[in-house]
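One-letter residues, chain by chain:
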Amino acid sequence: MCFLTYYLLDLNLSEMPPDLDYLLVKTLDMRRKDERRYGWQKVGAAFKISKDDLEYLNIEYRRDNGSPTTLLAILGTKGKTISDLENVLRSPKVKLPKVASLIRRYIREANKFQ
């Protein structure tokens, strides 16, 4: 792997590139077919975000034009990295490997322009 790959994977979630942040938020805001919870809810639970914070994010999500975009910022304040997020997305608890693949695809594309 090249330097940029390691750099991006080790990047704190609160510092990730805005276009990757947008891509992840947009993807995690959708509920998958036959799923009770949204992707962001599964990720938050897997990272052991408090029930109060998850409830706040749920309230924010239900507002007009609301989105739980602050989940990634909360995870960033806890020192979580893009690599941590990728691992959680692939975990048996969350089961969102396609979203994790989006991260890898983004990094591959970024490496092309290095």
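A brief look at the structure comes next.

What counts, and at which threshold
- Residues numbered from 1 in each chain as written.
- Predicted model: local features only at pLDDT ≥ 70, side-chain atom pairs only at ≥ 80, totals over all residues.
- Heavy atoms only, no water.
- Helix = DSSP H or I, 4+ residues; strand = E, 2+ residues; numbered from the N terminus.
- Buried < 20%, exposed > 50% of the residue type's maximum accessible area, 1.4 Å probe, protein only.
- Salt bridge = Lys/Arg side-chain N within 4 Å of Asp/Glu carboxyl O.
- Patch = residues over 30% accessible without salt bridge, like charges linked within 9 Å, V, L, I, M, F, W, Y side chains within 5 Å.
- Areas by Shrake-Rupley, 256 points an atom, 1.4 Å probe, with all protein chains shown as cover.
- Lys, Arg positive; Asp, Glu negative; His and termini not counted.
- Charge placed at Lys NZ, Arg CZ, Asp CG, Glu CD.

**Structural notes on unusual backbone geometry**
Here's step 1: A positive phi angle, near 60°, is found at Lys48, a position not held by glycine.
Here's step 2: The backbone of Lys95 sits at a positive phi, close to 55°, despite the residue not being glycine.
Here's step 3: Relative to the helices and strands, Lys95 resides in the loop between α6 (82-90) and α7 (97-112).
Here's step 4: The class for Lys95 is exposed, based on a relative accessible area of 58%.

**Regarding the pattern of salt bridges**
Here's step 1: This model, assessed by the stated rule, comprises two salt bridges.
Here's step 2: Of the charged contacts in the structure, one is a salt bridge between Glu86 and Arg90, with a shortest N-O distance of 3.5 Å. In this pair, Glu86 and Arg90 both sit in helix α6, four residues apart, roughly one turn of the helix.
Here's step 3: Residue classification places Glu86 among the buried residues on the basis of a relative accessible area of 4%.
Here's step 4: Between Glu86 and Arg104 there is a salt bridge whose closest N-O contact spans 2.7 Å. Highlighted residues: Glu86 in helix α6 and Arg104 in helix α7, separated in sequence by 18 residues.
Here's step 5: Classification of Arg104 by relative accessible area gives partly exposed; the value is 27%.

**Quick notes on a positive patch on the surface**
Here's step 1: On the surface, Arg36, Arg37, Lys48 and Lys93 cluster together into a positively charged patch.
Here's step 2: Tracing the backbone shows Arg36 in the loop between α2 (18-28) and α3 (39-46).
Here's step 3: Judged by its relative accessible area of 76%, Arg36 falls in the exposed class.

In short, shape yes, function no, at least from these values alone.
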